[in-house]
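Examination of the molecular architecture
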Amino acid sequence: MARAGLTKEVLALAGAELADEVGFDQVTLSAIARRFGVKDASLYSHVRNSQDLKTRIALLALAELADRVAAALAGRSGKDALAAFADAYRDYAREHPGRYAAAQFPLDPEAALASAAGKHSALTRAILRGYDLAEPDETDAIRLLGSTFHGYVTLEQAGAFGHTARDSQASWTRILDALDSLLRTWPAA
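What comes next concerns the included structure. (Residues numbered from 1 in each chain as written. Predicted model: local features only at pLDDT ≥ 70, side-chain atom pairs only at ≥ 80, totals over all residues. Heavy atoms only, no water.)

1. Some points on the pattern of salt bridges
As enumerated under the stated definition, the model contains 15 salt bridges in all. For Glu 156, the salt bridge is made with Arg 90, and the minimal N-O distance between the two is 2.6 Å. Within this pair, whereas Glu 156 is found in helix H8 (residues 137–157), its partner Arg 90 is found in helix H4 (residues 78–95), the two being separated by 66 residues in sequence. On the accessibility criterion, Arg 90 (2% relative accessible area) is buried. (Salt bridge = Lys/Arg side-chain N within 4 Å of Asp/Glu carboxyl O. Helix = DSSP H or I, 4+ residues; strand = E, 2+ residues; numbered from the N terminus. Buried < 20%, exposed > 50% of the residue type's maximum accessible area, 1.4 Å probe, protein only.)

2. So, the packing of helix H3 (residues 50–73) against H4
When two helices pack together, you describe them by how their axes are tilted relative to each other and by the distance separating the axes. Where H3 contacts H4, the two axes come as close as 8 Å, and the packing angle between them is 145°. Note that H3 runs across H4; the crossing there is right-handed. On H4, the residues touching Ala 61, Glu 64, Leu 65, Arg 68, Val 69, Ala 72 and Leu 73 of H3 are Ala 81, Ala 84, Phe 85, Ala 88, Tyr 89, Asp 91, Tyr 92 and Glu 95. Of the residues that constitute the contact of H3 with H4, the class distribution is 11 nonpolar, no polar and 4 charged. (Axes fitted to C-alpha atoms, helices over the stretch in contact; angles between N-to-C directions. Left-handed = near helix turned anticlockwise from the far one by under 90°. Contact = heavy atoms within 4.5 Å. Nonpolar A, V, L, I, M, F, W, Y, C, P; charged D, E, K, R; others polar.)

Everything listed here is a matter of coordinates, which is why it stays silent on function.
Put into C-alpha cells, the structure is as follows:
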C-alpha cells in the first residue's frame, strides 16, 4: 500500500535535495526511506529501483536547468545570450551540485527522449543563431560550448582553481570573451 504523501515526484525532489546535500553518488533508496521515516519496501510502489530513482532525479535536474537557461536567454542574443546561458549553467551547478551531477547521469533512450535534453539542444542552437553557423559547424560549436562549460564547472567545483591568485570569475569572463570571438570568426573547413 502506498504511503500517503509519497509520490514519484515527491521522491525525486527528495532525492535531488539529498544529492545537493551529500552528493548524487550517495543517493539510495535506503537514504530516501530514512528521510521519510519509512521502510525501503514502502518506496517500491513509487519507484522500481535505485536506477529508476536516479533517472527521475536526472530528469528533474535537466528540466530545472533548461527552465533556468531559457529564462536567462529571454530577449538576449549574441554575446549577451552566450554569457547568460553560461552563467545560468554555472550558477545552477554551484547552487545544486548534486542535481548538476544528476543531469550528467546516463539515460536510456526512452528516458532521454522524455527528458529536457532536446530543450537544452534547442537553447544552445538559439544562441548560435546569432553567430550564423551552418552544419556541421553548429554541431561542433554546441559540443565546444558544452565541453567548455562542463569542464570549467567541474574543475571549479573540485577546487582546481584555488591554487592561483587569479579569481575564477575573471577567468570565466575571459573564457566567454574568447568563445564569443571564436564563434564570430569560426574557421572555415
